[in-house]
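Letter by letter, the chains look like this.
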Protein chains: 2
Amino acid sequence: MTHIYLDAMGGDEAPNCTVMGALEALRADKELKITLAGPIDEIEKLLGEAQDVRNRIELDDCPEIITNHDAPVMAVRQKKNSAVVKGMLLLREKKVDAFVSAGSTGATLAGGMFRLGRIEGVERPALAPLLPNGKGFFCLIDCGANVDCLPQYLPQFGVMGAAYVRLMRGIENPRVGLVNIGAEAEKGNALAKAAYPLMESAPFNFVGNIEGRDITADHADVIVSDGFSGNLIMKFMEGVADTLMGMIKKEMYADLRGKIGGLIAKPAFRRVKKQMDYTEVGGAPLLGVKGVVIKAHGSSNAHAIASAIRQAALMARKGLVDAIEKEISKQLQQ
Amino acid sequence: MTHIYLDAMGGDEAPNCTVMGALEALRADKELKITLAGPIDEIEKLLGEAQDVRNRIELDDCPEIITNHDAPVMAVRQKKNSAVVKGMLLLREKKVDAFVSAGSTGATLAGGMFRLGRIEGVERPALAPLLPNGKGFFCLIDCGANVDCLPQYLPQFGVMGAAYVRLMRGIENPRVGLVNIGAEAEKGNALAKAAYPLMESAPFNFVGNIEGRDITADHADVIVSDGFSGNLIMKFMEGVADTLMGMIKKEMYADLRGKIGGLIAKPAFRRVKKQMDYTEVGGAPLLGVKGVVIKAHGSSNAHAIASAIRQAALMARKGLVDAIEKEISKQLQQ
């Protein structure tokens with residue numbers, strides 16, 4: 001039985017979507033058990049139709065809620081009866097196998113850092129979502145856990161990202177690239193320039209700099225970035241895709257011919273949309289902490305929550321944390 | 001007569017595309033005169049069919065060529081017979097009205113800084129392309145001239161971008177935003193946090209932070225960024241659009257129904273592609289130097305070169321440099 005701890009109050013549509021997502025996940029996977037964490041009365045009301053899986057649901061009363069308006073580190077320190085704090089402590093004690101939240105990113109990071117703790121040797125945990133590139137997915141690490149990075153953080157992001165992609169996607173020798181504004185080693189800002197030689201001597205298959213226009217061109221399986229640029233890239237990808245789809249829709253509806261063509265080609269569009277859809281991918285794991293932690297998109301619907309839970313369970317079963325621990329210790333012995 | 005100095009050897013397809021672009025521009029605008037700068041023999045060979053506009057073409061023999069492999073500052077110092085160096089000096093002496101190049105960005109920046117010179121009071125010139133957002137265009141400033149920024153550069157980018165958009169696009173009170181990873185003032189990396197209060201007190205309509213997903217959502221007419229993030233955004237936009245269009249094409253060709261729909265909807269697609277097309281927009285002006293300087297895309301075709309020339313002529317005629325000078329001096333008096 002794999003045991004997921006779910007922050008039931010996290011996300012724009014919580015607790016409705018989180019509870020519905022948990023039920024979807026439980027029905028799809030008989031080896032799953034979920035703790036729903038939140039104000040117990042509110043959660044219980046939503047379990048009316050959960051009889052078929054009720055025996056694999058636990059409730060953890062967490063009357064304190066951390067919102068996006070709370071200062072994360074302070075909130076994690078003070079709100080001891082919040083899902084984030086209680087969940088991270090249970091994960092540390094190995095009483096649950098993974099933690100999932102669509103709530104405050106900052107709180108999940110702070111909880112991961114200060115309640116769960118880092119894997120030995122890891123300088124900074126990092127958010128590492130899989131993003132679509134037309135041919136499949138690439139791992140972008142870091143996407144916002146570390147907005148100001150020192151150069152030595154970046155090769156560690158590469159080690160963790162490579163371990164993740166190897167284990168979860170079966171890519172034996174993942175190509176690791178560095179986000180930069182030019183192809184040559186001497187290009188970039190001070191951080192990228194200092195990180196480049198460290199990436200070259202790191203224990204992975206470094207394929208060099210990846211410019212903006214090549215991020216989705218399948219030049220690398222793992223793309224390493226500071227958390228500021230990575231967050232921009234991740235969110236901008238969503239934005240550009242939306243804008244472009246909107247433009248296509250608008251132009252198609254501009255005349256009858258377009259409307260007809262659009263109707264006929266609708267299934268093809270739907271397939272593209274599905275490939276670009278974050279709700280299929282699940283969420284971003286926080287790599288480098290002593291447990292499986294998934295930050296799901298704030299606007300996750302029930303299906304996206306279910307995907308994040310499925311993904312968390314898979315990571316726990318495959319031993320992601322041990323794999324990262326092993327690779328980091330190898331890197332340090334180098 | 002507006003006189004454009006064109007780096008005829010700059011760009012992936014030079015000198016063919018540059019010369020063809022110049023001819024296209026000259027034929028479309030009778031008040032235009034162009035100096036083609038490069039090795040004179042090579043250029044002359046391409047003027048066989050230019051009789052109709054030959055009287056408005058001058059040649060400037062520039063046997064030295066600065067490539068993308070040259071270290072820009074060094075190249076500008078040493079290659080005195082290059083188009084960049086000669087053109088910038090002519091622009092400074094007001095013997096030409098604008099400089100256009102699709103060649104090395106670094107050389108254009110270095111030439112602009114050290115041969116042409118900054119407008120008084122400008123800390124750092126910045127690249128400021130117009131990018132499509134589905135509703136029109138926004139100005140992204142800086143896109144790569146300053147990869148490591150101090151906080152005080154950013155409000156100046158805002159002042160210059162606002163002056164540019166006001167003059168060239170007729171937007172009286174442009175909305176100016178700051179690229180960041182969260183909506184709140186206290187979000188971001190050290191640079192964004194320090195820049196925020198400076199943006200608030202700057203003499204323009206500051207609309208706050210713009211997250212990645214809102215960059216193309218028409219929340220601002222001018223989006224201010226450090227040059228590293230800006231360059232990533234600009235190039236990533238191109239990359240994501242290409243990837244997405246490729247995915248749509250692939251899915252459409254995957255079955256007969258899609259193929260038929262795609263054929264019927266082709267004009268609608270073409271309109272979207274045209275809206276996203278950098279060859280229509282021209283190039284990125286370098287704002288803050290003492291003359292009109294346009295850096296066109298390295299992969300510009302003849303039409304893109306012609307657009308960049310047209311844009312450069314318009315900026316010169318509208319008095320862009322004077323407008324920026326005036327706004328900067330106002331900012332400094334504040």
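Conventions adopted
Residues numbered from 1 in each chain as written. Chains lettered and ligands numbered in written order. Predicted model: local features only at pLDDT ≥ 70, side-chain atom pairs only at ≥ 80, totals over all residues. Heavy atoms only, no water. Helix = DSSP H or I, 4+ residues; strand = E, 2+ residues; numbered from the N terminus. Buried < 20%, exposed > 50% of the residue type's maximum accessible area, 1.4 Å probe, protein only. Least-squares fit on C-alpha atoms with pLDDT ≥ 70 in both. Contact = heavy atoms within 4.5 Å. Polar contact = N/O pair within 3.5 Å; in protein donor to acceptor, adjacent residues only side chain to side chain. Salt bridge = Lys/Arg side-chain N within 4 Å of Asp/Glu carboxyl O. Pairing = 2+ DSSP bridges. Axes fitted to C-alpha atoms, helices over the stretch in contact; angles between N-to-C directions. Parallel < 35°, antiparallel > 145°, perpendicular 65-115°, else oblique. Left-handed = near helix turned anticlockwise from the far one by under 90°. Nonpolar A, V, L, I, M, F, W, Y, C, P; charged D, E, K, R; others polar. Buried area = accessible area lost by both parts, 1.4 Å probe.

A. How the structure looks around unusual backbone geometry. The omega angle of the peptide bond from alanine 14 of chain B to proline 15 of chain B is 0°, so this bond is cis rather than trans. Tracing the backbone through its elements, the reader meets proline 15 of chain B in the loop between strand S1 (2-7) and helix H1 (16-28). The phi angle at lysine 94 of chain A is positive, at roughly 60°, despite the residue not being glycine. By secondary structure assignment, the location of lysine 94 of chain A is in the loop between helix H4 (83-92) and strand S4 (98-101). The exposure class of lysine 94 of chain A is exposed, given its relative accessible area of 67%.

B. Here's a closer look at the relation of the copies chain A and chain B. Aligned on chain B, chain A shows an RMSD of 0.1 Å; the corresponding rotation is 180° and the shift along the axis is 0.0 Å. Such a combination of rotation and displacement between the chain copies is what one expects of a two-fold axis. Relative to the rotation axis, the closest C-alpha in chain A is found at glycine 261 of chain A, a distance of 2.1 Å. Mapped onto chain B, 100% of the interface residues of chain A again fall at the interface, so both copies present the same surface.

C. Spatial organisation of the environment of lysine 79 of chain A. All names here are of chain A. Mapping lysine 79 onto the fold places it in the loop between helix H3 (72-78) and H4. Along the primary structure lysine 79 and cysteine 62 are separated by 17 residues, whereas in three dimensions their C-alpha atoms are 9.5 Å apart. If sequence neighbours within four positions are ignored, lysine 79 has contacts with Glu64, Ile65, Ile66, Asp70 and Val85. A polar contact of 3.0 Å, which involves the side chain of lysine 79, links it to the side chain of aspartate 70.

D. A look at the pattern of salt bridges. The tally for this structure, following the rule as stated, stands at 30 salt bridges over all chains. Among the ionic pairs, arginine 27 of chain B bridges to aspartate 52 of chain B, the shortest N-O distance being 2.7 Å. Of this pair, arginine 27 of chain B sits in helix H1 while aspartate 52 of chain B sits in the loop between helix H2 (40-45) and strand S3 (57-61), and the two are 25 residues apart along the sequence. Here arginine 27 of chain B falls in the partly exposed class, since its relative accessible area comes to 37%. What you see here is one network of salt bridges that share partners, running through Arg166, Glu327 and Lys330 of chain A.

E. Expanded view of the sheet that holds strand S3 (residues 57-61) of chain A. Residue and element names in this part refer to chain A. Here seven strands make up an open sheet; going across it, the order is S3-S2-S1-S4-S12-S11-S5 and the pairing mixed. Of all the strands in the sheet, just S3 and strand S5 (126-127) have a single pairing partner and so form its edges. Helix H1 (residues 16-28) contacts strand S1 (2-7), strand S2 (32-38) and S3 of the sheet and is inclined by roughly 170° relative to S2.

F. Structural detail: the packing of helix H9 (residues 256-264) of chain A against helix H9 (residues 256-264) of chain B. Between H9 of chain A and H9 of chain B, the shortest axis-to-axis distance is 7 Å and the interhelical angle comes to 165°. The orientation of H9 of chain A relative to H9 of chain B falls into the category roughly antiparallel. Where H9 of chain A crosses over H9 of chain B, the handedness of that crossing is left-handed. Across the interface between the two elements, Arg257, Ile260, Gly261, Leu263 and Ile264 of chain A from H9 of chain A touch Arg257, Ile260, Gly261, Leu263 and Ile264 of chain B from H9 of chain B. For the contact of H9 of chain A with H9 of chain B, the per-class residue count stands at six nonpolar, two polar and two charged.

G. Molecular detail of the interface of chain A and chain B. Counting from both sides, the interface comprises 55 residues of chain A and, opposite them, 55 residues of chain B. Interface of chain A and chain B: buried area, both sides summed, is about 5100 Å²; carbon and sulfur atoms make up 68% of it. Between chain A and chain B we count eight salt bridges in total. Here arginine 271 of chain B ties to glutamate 251 of chain A by a salt bridge, and the two come within 2.4 Å at their closest N and O atoms. At the surface where chain A touches chain B, the tally comes to 18 residue pairs in polar contact (both at pLDDT 80 or more). Residue contributions to the side of chain A that touches chain B peak at 20 residues, all from helix H8 (residues 227-252) of chain A. Grouping the amino acids of the side of chain A that touches chain B by side-chain chemistry returns 28 nonpolar, 16 polar and eleven charged.

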